[in-house]
Amino acid sequence: MNINQVKNICCIGAGYVGGPTMTVIANYWHNIKVNVVDINQERINAWNDKDLNNLPIYEPGLDILIKKTRGKNLFFSTDVESSIASADIIFLSVNTPTKTKGFGAGQASDLRWIEISARQIAKYAKGYTIVVEKSTLPVKTAETIQQILNAELTSSIYTTESKSFSVLSNPEFLAEGTAITDLEKPDRLLIGGDDANAIKTLEDLYKAWIPHEKILKTNLWSSELSKLTANAFLAQRISSINSISALCEATGADIKEVARAVGSDRRIGDKFLNSGPGFGGSCFKKDILNLVYLCNYYGLHEVANYWESVVTLNSWQQHRISSLIVNKLFRTLSGKRIAIFGFAFKSNTNDTRESPAVSICKDLLEEGANLAIYDPKVNKRQIEVNLNLQSSRNIANDNISQIKKFEAIEDCVEGADAIVILTEWDEFKIVNWEKISKLMRKPSWIFDARGILNQKSAIKAGFKVWSVGKG
Ligand code: UDX
Ligand code: ADP
């Protein structure tokens, strides 16, 4: 099958990866029908919402592309069966969280959604289909998918229908908040596989906007492992700089100055050296733990321990911040109001998965604090579910009265003892601290876990200030 024969694409999983990726493909290929399917009806409804502010994920630039393509050649539905049946290429973008029980619990990826999808593909696909692994997966998952598909081929041998599959790995490197630019101008695009024709077809699909020299071709396992390794390296840089932030605070050095000096070495580079409350997001922790599991599985325990320490340091940084807040506020938070600025795991996204805010807020709640939370994109229910104050079935927990969500910074800080900046939203960089100070109880603290505060103006306004990595 060459690219001109591709008429229908199906993407299983309308999440943070599937939604934006398919929107960009649809925007470059007006003659290809792109069906994004999901079992979650609520999510599909949100993708189809007339009001583009209600899309299930917030990504700068996504709404404009959705407006151009949705209902023309981009469709969101729960119609998994018929979308698979008509597809020439199927992207698998379902979730692959860390297993919570059984063998490998806490480390290995839970592949149940991948397996269900592979079985659905095996059952409903017609003719020749290219199956593209898009979710982050453990090394050798493509082999499992291939085995499930092959099993169906052997079992349907007596039927009149003939089907065949090629499985490719094509990991996604997009970061949330910059998904559209990352998709349109990627540093590289990786395609792993051994079927040259299928690789060529997928490559041609992307060549509509990605230059030839940015497309890297590898074997299946290298492709799968590269994704895990890229995320592990990125996370490692954050743990490295965060470890030094603690030393800066102890010695009187400034982490920003150190990061600048270190990052000026071209061999090191200046990206991903912002010290903060630790990395969050759905990928880093999950992928490293996955790597740790793989290493242990293959008996490489020293390698496993090396990578696990990146995650350990990350949790330590979060608890270190919670603990110093308690210490500075006279070692008790009981009944005190703490204003939380930012709940998303980073700015420009409404995603809270593994957000450092979750663990820091839980620590503060344990200490008896009342939390007043402000985040421009995260909704109240999401926060309550993350803090285990409400189950996803709307059952409230006793501690729910300890948190309140506010729509304006001024309301959030009313009577508070401290502000904790946990997400680097731009609006926190231009706060009028004089005005805010008047609304708070004295002594008033700002704990700047992101290092974005204009310290001089905060101190001038009467605040006591702690900034990450500033001794
Ligand atoms: C990451 C990878 O960047 C992306 O390539 C991969 O496909 C998915 O995982 P994402 O999780 O969306 O993307 O966000 P990213 O921008 O990488 O940030 C991850 C976390 O690290 C955030 O919590 C962020 O605040 C933190 N971070 C990032 C820092 O603390 N300091 C930095 O210098 C950079
Ligand atoms: P990611 O960040 O990797 O995109 P998400 O959790 O945002 O992950 O999205 C994955 C989506 O895959 C979810 O919306 C989930 O409902 C969907 N999904 C999981 N299993 C299936 C399945 N068998 N068929 C269709 N959609 C599925």
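Definitions and limits used
Residues numbered from 1 in each chain as written. Chains lettered and ligands numbered in written order. Predicted model: local features only at pLDDT ≥ 70, side-chain atom pairs only at ≥ 80, totals over all residues. Heavy atoms only, no water. Helix = DSSP H or I, 4+ residues; strand = E, 2+ residues; numbered from the N terminus. Rg over C-alpha atoms; globule rule 2.2 N^0.38 Å. Buried < 20%, exposed > 50% of the residue type's maximum accessible area, 1.4 Å probe, protein only. Contact = heavy atoms within 4.5 Å. Lys, Arg positive; Asp, Glu negative; His and termini not counted. Charge placed at Lys NZ, Arg CZ, Asp CG, Glu CD. Expected span 1.5 Å × (residues − 1). 1 Å grid on protein atoms, 1.4 Å probe; cavity = no way out; pocket = protein on both sides within 12 Å on 5 of 7 lines; lining within 4 Å. Points joined across faces, edges and corners; volume = space filled by probe spheres on them. Axes fitted to C-alpha atoms, helices over the stretch in contact; angles between N-to-C directions. Parallel < 35°, antiparallel > 145°, perpendicular 65-115°, else oblique. Left-handed = near helix turned anticlockwise from the far one by under 90°. Nonpolar A, V, L, I, M, F, W, Y, C, P; charged D, E, K, R; others polar. Polar contact = N/O pair within 3.5 Å; in protein donor to acceptor, adjacent residues only side chain to side chain. Near = heavy atom within 4 Å. Areas by Shrake-Rupley, 256 points an atom, 1.4 Å probe, with all protein chains shown as cover. Right-handed = clockwise from strand over helix to strand, strands pointing away. Pairing = 2+ DSSP bridges. Core = buried A, V, L, I, M, F, W, Y, C linked by side-chain atoms within 4.5 Å.

Q: Quick question: what am I supposed to make of the overall build of the protein chain here?
A: The secondary structure content of the protein chain amounts to 17 helices and 14 strands. The C-alpha atoms of the protein chain give 24 Å as radius of gyration, which agrees with the globular expectation for 471 residues (23 Å, within 12%). Expressed along its principal axes, the backbone C-alpha trace of the protein chain runs to roughly 80 × 50 × 45 Å. Residues classed as buried in the protein chain amount to 52% of the 471 residues present. For the protein chain, the share of sequence-separated contacts (at least 6 apart) that also reach a separation of at least 24 residues comes to 74%. Across the protein chain, the centroid of the 56 positively charged side chains sits 3 Å from that of the 52 negatively charged ones.

Q: Whenever I open this one, helix H11 (residues 284-297) confuses me. Can you help?
A: Count 3.6 residues to each turn of an α-helix, and residues three or four apart come out pointing the same way. Counted at 1.5 Å a residue, the expected span for H11 with its 14 residues is 20 Å, and the 20 Å between its end C-alpha atoms agrees. Most of H11 is tucked away, with ten of its 14 residues classed as buried. Among all positions of H11, only Phe 284, Lys 286, Asp 287, Ile 288, Leu 289, Asn 290, Leu 291, Val 292, Leu 294 and Cys 295 are buried. On its buried face, H11 is in contact with helix H9 (220-251) and helix H12 (301-328). Remark: Gly 299 follows H11 within two positions and exhibits a positive phi of approximately 80°.

Q: Would you take a moment to explain empty space enclosed by the protein for this structure?
A: In this structure the tally under the stated criterion is one cavity of 30 Å³ or more. Empty space within the largest cavity amounts to approximately 60 Å³. Every residue lining the largest cavity is listed: Glu 133, Ser 135, Thr 136, Leu 137, Ser 169, Asn 170, Pro 171, Ser 223, Glu 224 and Lys 227. Sort the elements by how many residues they give to the lining of the largest cavity and H9 lands first, with three residues.

Q: I keep staring at the packing of H11 against H12 and nothing clicks. Help me out?
A: Running from amino to carboxyl end, H11 crosses H12 at an angle of 165°, the nearest separation of the two axes being 8 Å. Considering their axes alone, H11 and H12 lie roughly antiparallel with respect to each other. Crossing handedness for the pair H11 and H12: left-handed. The segment H11 lies against H12, with Lys 285, Ile 288, Leu 289, Leu 291, Val 292, Cys 295 and Asn 296 engaging His 301, Val 303, Ala 304, Trp 307, Glu 308, Val 310 and Val 311. When the residues that make up the contact of H11 with H12 are grouped by side-chain class, the tally is ten nonpolar, two polar and two charged.

Q: Would you mind going over the environment of Arg 441 with me for this structure?
A: Mapped onto the secondary structure, Arg 441 falls in the loop between helix H16 (433-439) and strand S13 (445-448). Judged by its relative accessible area of 47%, Arg 441 is partly exposed. With residues up to four places along the chain from it excluded, the contact list for Arg 441 reads Lys 336, Gly 415, Ala 416 and Asp 417. A distance of 2.9 Å separates polar atoms of two side chains, one belonging to Arg 441 and the other to Asp 417.

Q: How should the site of ligand 1 be read in this particular structure?
A: If you check the shell around ligand 1, you find 19 residues, and the closest are Phe 173, Glu 176, Asn 274, Lys 346 and Arg 450. A distance of 2.9 Å separates an oxygen atom of ligand 1 from a polar backbone atom of Leu 174. One nitrogen or oxygen atom from the main chain of Glu 176 is found 2.6 Å from an oxygen atom belonging to ligand 1. Surface burial for ligand 1 is 91%, taken as the share of its 660 Å² of free accessible area covered by protein chains. Partitioning the shell around ligand 1 into residue classes produces eleven nonpolar, three polar and five charged.

Q: Sorry if this is basic, but what is going on with the pairing of strand S2 (residues 33-37) here?
A: Each regular strand shows side chains that alternate between the opposite faces of the sheet. Across the five residues that make up S2, a large majority, four, are buried. As a crossover connection, the stretch from strand S1 (residues 8-12) through helix H1 (residues 18-28) into S2 is right-handed. When S2 meets strand S3 (residues 74-77), the two strands line up parallel, connected through four bridges. Within S3, the residue paired with Val 37 across the bridge is Ser 77.

Q: Looking at this structure, how should I read the layout of surface pockets?
A: Regions of empty space are outlined by a rolling probe, equal in size to a water molecule, passed over the atoms. Approximately 330 Å³ is the volume attributed to the second largest pocket. Leu 111, Pro 138, Val 139, Tyr 293 and Leu 294 are, among the 16 residues lining the second largest pocket, the residues nearest its centre. Those elements giving two or more residues to the lining of the second largest pocket turn out to be helix H6 (141-155) and H11. Residue contributions to the lining of the second largest pocket peak at four residues, all from H11. Residues belonging to the lining of the second largest pocket are distributed by class as follows: nine nonpolar, four polar and three charged.

Q: Help me understand the environment of Pro 211, please; the structure alone is not making it clear to me.
A: By the element assignment, Pro 211 lies in the loop between helix H8 (196-207) and strand S8 (215-218). On the basis of relative accessibility, which here comes to 38%, the residue Pro 211 falls in the partly exposed class. A C-alpha to C-alpha distance of 32 Å links Pro 211 and Val 262, two positions 51 residues apart in sequence.

Q: What's the story with H12 in this structure? I'm lost.
A: In this model H12 runs 40 Å from its N-terminal to its C-terminal C-alpha over 28 residues, within 8% of the 40 Å that 1.5 Å per residue would give. Where H12 terminates, the next one or two residues include Phe 330, which has phi positive at roughly 60°.

Q: Explain the nonpolar core here, please?
A: Generally speaking, soluble globular proteins have nonpolar side chains that are buried together. The biggest cluster of nonpolar side chains holds 55 residues, and the ones touching the most others in it are Ile 338, Phe 341, Leu 371, Leu 387, Ile 419 and Trp 433. Per-element accounting of this core gives the leading share, six residues, to helix H13 (residues 356-366). Residues in contact with Trp 433, not counting those within four places in the same chain, are Phe 341, Ile 419, Phe 428, Ile 446, Leu 453, Ser 457, Ala 458, Ala 461 and Phe 463. Counting residues in hydrophobic clusters, the runner-up holds 42 residues, among them Cys 11, Ala 14, Ile 180 and Ile 199.

Q: Is there a simple way to think about the site of ligand 2 in this case?
A: Among the 17 residues in the neighbourhood of ligand 2, the closest are listed as Tyr 16, Val 17, Asp 38, Arg 43 and Asn 95. In this structure, an oxygen atom belonging to ligand 2 sits 3.1 Å away from a main-chain N or O atom of Tyr 16. The separation between an oxygen atom of ligand 2 and a polar main-chain atom of Val 17 is 2.9 Å. Here ligand 2, which alone exposes 580 Å², has 90% of that area covered by the protein.

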